[in-house]
Structures are given as C-alpha cells and as structure tokens.
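Residues per chain are reported as follows:
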Amino acid sequence: MKIKTKIILPIILVAVIVLSTATFYSYFFNVNTLNTSIGEHLNTTVSSRSHHIDTFIEELIGKIKIAATQENLTNEKLEKIKNSNREFSEVFLVNLDKKIIKSSRQESIGLDCSINDYLVNKKDNVYMRDAYISKINEEPSIAIAISHNKDILIIRINLEILNDVTTNKTGLGNTGEVYLINSAGYTITPLQFSEDTFLKTKIESKNAKSCLDTLKNETEHTEYRGGSAIYTNYKKIEVMGSYHPLSIMNWCILAEIDKSEALAPTKNLLKFSIIRILIILFIFFILTYLIARTISKPIIILSQGTKIIKNGNLDHKVGTNSKDEIGSLSRDFDEMTVAIKKSQIEIDKKVKEQTREIIEKQKDIENQQEAILNVLEDVENEKKKTEIERDKIDAILHSIGDGVFVVDKDKKITIFNNIAEQISGFNKEDVLGKNYLDILKFIHEKDRTPNNDFIEKAFSLGKIQMMKNHTLLIKKDKSEVPVADSSAPIKDSAGNIIGCIVVFRDATAERKAEQIKSDFVSIASHQLRTPLTGIQWVTERLLKHSTALPEKEQQYIKDINLSSKRLSTLVDSLLNVSRIEGGKITIKPEKIELIDFIKSYLTETNPLTEAKNISLKFNTHPENLEILTDRSGIRNIVQSLVSNAIEYTPENGNIEVSVEDNVEKDSFLFKIKDTGIGIPSKNQATIFDKFTRGENAQQVKTDGTGFGLYITKQTVDLLGGKIRFESIENEGTTFFVTLPKISKAKEGGKSFV
Amino acid sequence: MEKSVLIIEDEKILSNTIKDELEDEGLVVLQAFDGEEGLKMTKEVKPDIILLDIIMPKLDGIETLKAIKADSTIKNIPVVILTVHGDLEKITNTIALGAKAYFIKDQQSPSEISAAIKNILHIS
C-alpha cells in the first residue's frame, strides 16, 4: 500500500465513523423529540377538548336541575326553557304511564314514551341517555332526565352541537382529526374521511380500546393523564394518536394524525444529514490527500534515487531540499552513497589482494594433496601387507584341525574357521558380527544348563580356561555334539583383554572311546572276578580239608589264595580309577554312625595288627557322630588309610585313630597317626598322584600299585573334603582328612567298589 | 527234616564249591545253571532257600527274582543273592525287590556264606 493511501485511508475511515455516529445519533434524537412533542400536542388537544365537553355536559345538568325546580311546568314553560337554550331540541314531561304529558313541541303530547331508555346512567340524581337518533326529527341526540314531582322531566339535546368541538382542526395538519366515541365504541361525531357515521362506525383501534377499558376499570378518573401512541386506526393506516375519557357520559375523545404527516420533517432531516456527511467527507478527503502528497513526494524522489544508485550509478544525488526529517534523510543518504563509493574502491582493492593470496594458498594445498596421496599410497601398501598377514592367519586358523572362533571384547564373533563351521553347522555368515551367546549354546551334558564359564572366565580372569567335561554344543539343526577344548584371552600390547579365542573339537569319538573303555573295565573286571572267586573258594575248601597234605603243599595253597585276593583288590582299584577318571562316580549320601563304622572296620584288622604286635588305638571321642555321606566312599578312605598305616608301620609300632567334630563348620576331622616309615620329603608333593609311591615303600612292600592314595584323595575330593598329611621319614606319618558331615549327592555313574 | 537249598548259578566251579560246603553242613543241595531252569525247579521242588546269581544266561538273576516274587506259591521262599563285586546299585536294589540278603562272592568265603544261610534257616 502506498504511503498516500496509508495516510488517507485511516483518516477517512475515522471521519466516516465519527460523522455517521454523530449524525445518526442527532437524527434519532430529533425523531424522538418530534415524537414526544407531537404526542404532547395530541395529549393537550384531547385534554382541553374533553374538558370543554365535560364543562358543556355539566352546564346541561345544571340547567336541567334549575328547570326542575320550577313548579307547574306547562307546555309554555317548557317551550320557554327550550328556546332559552340553543342546544335543546325538545323539553318534555313524561308521567308514570309512559305518556308524554307536556312538551315544548305540541305534536309530541300524548305520545308514548319508552321511559326506560331514558332512565339510565344516573349521576347526581340526573339520568343521562347516551347518544341516539331521535325518532322525531332524526337528529343525533342525547337526553337528560330528572324526576319532577311524580313525573320525569326530559331534555333532548342535539348532539351536533359538539361537532364544532371535534371538527376544529387547529394544529392537527391535513390528516389530523378529533372524534368522540360512545361507551360502546361507536362514533358519535363526524369523521373526516368517512360520511354518515353516527353510531354506525365502531372504532376498534388500540387507543379506543385503552380508553374504554379505562372507563370501565376506574370509577374515579378525574385526574387522567392521556397517552399518545402509534397504532393503526379505523382507516387501516398508521397514526399517532391520543385519547381522553369523558367520565360523565362514558365517552372517549380521540385525536389522531397520520404518522406519515406527523413524521414528515424527519425524512428531510435524514436526507440533509447524509448530504452533510458527504460534503464533509469530500473536504476531508481533499485535505488529507494534499497532506499525504506533501509527505510522500520526497519519499518517492528518495526511492527513485535509490533505484538509480542500486543500478550502479553511485554518482547520482537524490537532493530533496525539504527541511524536514525526510529532507535530512535524503541528505544523509547522499552522504552515505559517497561513503559507499569510497569503500567500494577500498573493497575492490582488498578483493584483488585476497584473490592473489587465495591463488597462492591453492597452490600450496595442491602440493600438500600430492604429498598426502603419496602417503596414502604407502598406507595402501602397508594395508596390503597387513591383509596378506591376516590372510595368512586366516589360512592357518582354517587349516587347524580343531574348531576355532574368536570373539572381540563385545563378545561378537570375528573369526570362525571351517572346522568350527563343520562342528556347529553354522556358516560364517550366520555368526560373524554376532554375540556368540546368541548363536553358540554350550550346555552341560547332564543338567543341560548353559556352560559358557570357560569363555567368560577367560575374559574376567585373563587366563586360559579348559572347557569342562561333558559339554554339549547345540548345532544349527538343534542336534547336539559333545565338544572339548579351551579358551584363551587375547590381549593387546598393553595387556588389556580385547577378545578371546576359543578352540574346540568334536569329542564324539573321545566320548565313545571313554564309554568303550569304561564298559571294557566293567566287563573285564567281572570276567576276572569270577575265575578269581573260583580260585579263592576252591583253595579255601582245599585248606579246610588239607590236613593230610604236607606243610609245604599247604603253604602253596595259601599262597594261591592270597595271590587271588590281591588280584581281586587290584581289580577293585582299577575299576575305581576308571570310574573316577571317567567322572562316572555316584555319590549317594546315607545316614552313617561314624564311630561305630570305624570301630567295626578296625576290628576286622585285628589279625593283622596282632601279627605285627602293633598297638592300634581309637580315640572314641565323641562317642557318637552321625553323618550323611556315601558309604562306599567313606569306607574306601578309612580302609585305605588304616591298611596303609598297618602296612608301613614296623612291628611293635603304634597307630592312633581319632575323630574330631567341628560343629561350627559342620564338618569332622578323621586323623590317623602312625609310627611308620614315613614319606620321604622328595615324594611328598606327588604322593597323591597315580602310580606314585614313597621310595622307601618299595622296600617294605613290593606289591603296591600306587593307586591307594590316589583313589583316597579323589574320593575325599568327591565327598567335598580335604586331605593333608605331616610326615617325617622313619618317624611316622599323620593323615588329616576333613569331610563335611553332609555330602552332596551326585548322579550319573556307579558307586565306588 | 533236612532243609533244601537251590543254587541258581551258571558258574559250575562256584556252584559246586558252595554245594560241597553246604552239603558238609548237612543241607540238601539242588543246582540250576540258568534262571529259567532255576525258576522251573523252584516251582517243582519249593526249596527252603534259594541262592541266586545275578549275571546268568537266558534269564538273569534280577528277572528270576522278580518272577519268584510274582508267584504266590513260591514268593515266601527266602532268596539270597550271590554276586561278584562291581555293581553296588544293582545288588542293593535286589533287597528292595524282596531278596533276603546278598553275598559278594569274591569278598566272602564259602564257609561264611554257609554260616549265614544256616543262620537264615535257623540251623545252628
């Protein structure tokens, strides 16, 4: 929007609003005032005229009262009364027989008179008959009656006398009129716009009804304030009108002016107001236009100037010479243009300088880029070398006969070799980049719980971990394969664990071999035992009946018997070792009274101790100790340690066995102290190993297998206990076995034998 | 009246040795060399006590024991299990199946076995 418009539009808009508001307000004020004044005028008119009529009627009443005071009213007297009053049409007397007995009019005498028509509307001893048409001369009349002696004096009055009052149109314009209606609402004075209306036209306009209602409802209406209103009158046109009740006759006087005439001046007023607004607006428009033009002209010049300058002509001068703010602005603008021109020259200079610098720098960068490309080439060569190295490692890993996979520190698989693919059934694509826990499920063979410890521990402990026995790997096709092997942490040069390498192999064949071995040992031991038993039994029978044999032969038989017993023991040991190493030992805890258990075993050894004169003491404190453990296991431990002690203690030696209860730890200590040959210190570290015996033991007993303490140690471990010893060579040995009173059950194999 | 013992044992040497031992003690000894034969003889003879080996051809000791205990005419005859050392579970299980006692052959001598049998038969 242009500045000019911006100035003119709001001013004009405000002017229009203000002017219209003022004009219309004054218009409606004027209309209202006019209404009020016309109403008041009409009110005054009806009020004064009603007063006039009331006075007239009151005078008539006064006159009849005077007339009635005269005695002996003759026809002449009546005529005289009639003639003395211009408005009297006839004066007459009526007797009780309803006959006119005397009258101012000769013709009337003797006529019947319907007296009841006259004796109505009694006020102040006077009866007043409402407007009616006289039968005698057909003139509109009213009648006043008063009793006179025994007769009734009646005066008939020509009602046309009132026409003067109503037809006076002073101050009522062309359409204004005043008329009377009787109590029934019929007109009793002439109407301006309708002829022959006497008692013929019933007025039912709003004001007529209001007036008649007033008469009915109010008995005393001396002080009535007339009301003006706009309504539709008998002519069916809108009028302004007032009314006033006439209480004596129960009439109403109505004054009306056509609304169109009454309000005619307001039409002109409206016309004049609109013209006035338009003139004022026009003047306003011219004035504001001129003001706006004065303001906008220098701005336009300024704007044109800037366009020229924008197009590059910095030498152009806007040069408005007005002295106001815009003039000052244009001068500042001109100065600014000059300054811009100066700085443009400066900038051009600087740009040239900088462009030169940029070109130089670009050259530098190009040189550097070349250098970087050379370096990149070197890096690329190095990368190739690294790749070759990696390929070598890959080739090595893939050539290894075992499954290998490598996880990074987020447990994501980064290398997965061909054998790993073969064993697990997963492809490289299935596993690479994924968390191994999501793909490779290692579980315990027995309870099928997850068995990832060997990998997690490699991470947490940073040490090589062996996979536990009896681990199954769930293959891609959900079948299971027994696996064995180990995991090792991968460390960076700083020693931080950055991953883990897992090597595993399909242990199906190993498991099968183990099973075969175990089965073989079982079967072989049974097969060995049966003939051994045969030998034992037969030799025993022989000994029983051998008294006839020479002593030497008897000794032979004893030797056979002893050898077969030793062989039997050896078979037991082999079977135990085989079961221990195969992990196929069952621990079946049962209630055992330990003290009695040991006592009864020690009793069995009596022949042996007696033979060597060894004192064997059992410190039976406590008296009773009930434990829950594997019977074969505990028997093996006690038997092995006691028989060893007897074996390796020379004649006349001492053996002490004791049991100590450790209530706090819910465990007990089995202690056996001998005065035997002891364990040489150089053998002490390995004495619990398989096939290991003390060097000095060989000399005492040549038939030792080296299984005894190995089985004992394994048994103690399986029962959750600990074994240690103190020994001095040639002085003696003490074994300490600590076992829990309650051992954990273990399934999945067979008991010790 | 002499008590009778039925030995059900496939190893003839063992069977004969124990037979000799028991006969020395004055018992009447009958022999069966497999489970089937043993079961048949048990029904026919109704011995006072049965010595039953476990590992045998045709019908093994466990099945034979079950069959004896399932037959109301012979189920009250005491059965003593005779076996070699090696499978303790199997051996102890026979007690649950109704065996009176068990002997581990390579740990007990014939004289011990016969003493125990006499004890069961209340013969002094």
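As shown above, the structure is provided for reference.
Residues numbered from 1 in each chain as written. Chains lettered and ligands numbered in written order. Predicted model: local features only at pLDDT ≥ 70, side-chain atom pairs only at ≥ 80, totals over all residues. Heavy atoms only, no water.

1. A word on the sheet that holds strand S8 (residues 228-232) of chain A
Backbone-to-backbone hydrogen bonds join strands into a sheet, with any given pair of strands oriented parallel or antiparallel. Residue and element names in this part refer to chain A. On the basis of which strands lie adjacent, the open sheet formed by four strands has the order S7-S10-S9-S8 and antiparallel pairing. The sheet terminates laterally at strand S7 (177-181) and S8, the two strands that pair on one side only. With direction set aside, neighbouring strand axes in the sheet form an average angle of 35°. Direction of pairing for strand S9 (residues 238-246) relative to strand S10 (residues 251-258): antiparallel, over a ladder of eight bridges. Following the sheet pairing, Met 240 is matched in S10 by Ile 257. Here helix H1 (residues 3-69) sits on the sheet in contact with S7, S8, S9 and S10, set at roughly 30° to S9. Helix H4 (residues 206-217) contacts S7, S8, S9 and S10 of the sheet and is inclined by roughly 15° relative to S9. (Pairing = 2+ DSSP bridges. Helix = DSSP H or I, 4+ residues; strand = E, 2+ residues; numbered from the N terminus. Axes fitted to C-alpha atoms, helices over the stretch in contact; angles between N-to-C directions. Contact = heavy atoms within 4.5 Å.)

2. With respect to a negative patch on the surface
A cluster of acidic residues, Glu377(A), Asp378(A), Glu380(A), Glu387(A) and Asp391(A), forms a negative patch on the protein surface. Within the element layout of this structure, Glu380(A) appears in helix H7 (residues 325-399). (Patch = residues over 30% accessible without salt bridge, like charges linked within 9 Å, V, L, I, M, F, W, Y side chains within 5 Å. Areas by Shrake-Rupley, 256 points an atom, 1.4 Å probe, with all protein chains shown as cover. Salt bridge = Lys/Arg side-chain N within 4 Å of Asp/Glu carboxyl O. Lys, Arg positive; Asp, Glu negative; His and termini not counted. Charge placed at Lys NZ, Arg CZ, Asp CG, Glu CD.)

3. Some remarks on the pairing of strand S12 (residues 413-416) of chain A
Residues and elements named next belong to chain A. Two elements, strand S11 (residues 403-408) and S12, share three bridges in a ladder whose sense is antiparallel. Bridge pairing in S12 links Val 406 to Ile 415. Hairpin connection from S11 to S12: four residues lie between these consecutive antiparallel strands, with Lys 411 at a positive phi of about 70°.

4. With respect to the packing of H1(A) against helix H6 (residues 264-310) of chain A
In a packed pair of helices, the relevant descriptors are the angle between the two axes and the axis-to-axis distance. All names here are of chain A. Closest axis-to-axis distance for the H1/H6 pair is 9 Å, and the angle between their directions is 165°. When the axis of H1 is compared with that of H6, the two are roughly antiparallel. In the packing of H1 onto H6, the handedness of the crossing is right-handed. Considering only residue class, the contact of H1 with H6 consists of 24 nonpolar, eight polar and three charged. (Parallel < 35°, antiparallel > 145°, perpendicular 65-115°, else oblique. Left-handed = near helix turned anticlockwise from the far one by under 90°. Nonpolar A, V, L, I, M, F, W, Y, C, P; charged D, E, K, R; others polar.)

5. Considerations on the nonpolar core
All names here are of chain A. By size, the foremost hydrophobic cluster in this structure holds 45 residues, and its most contacted members are Ile 57, Ile 142, Leu 153, Leu 162 and Trp 251. Each of two domains, domain 1 (70-162) and domain 2 (166-265), supplies a minimum of three residues to this core. Apart from the residues within four sequence positions on either side, Ile 57 is in contact with Met 128, Ile 142, Ile 248, Met 249 and Trp 251. Within the second largest apolar cluster, 43 residues are counted, among which are Tyr 601, Ile 655, Val 659 and Ile 711. (Core = buried A, V, L, I, M, F, W, Y, C linked by side-chain atoms within 4.5 Å. Buried < 20%, exposed > 50% of the residue type's maximum accessible area, 1.4 Å probe, protein only. Domains from an automatic or database assignment.)

Read these as geometric descriptors, not functional statements.
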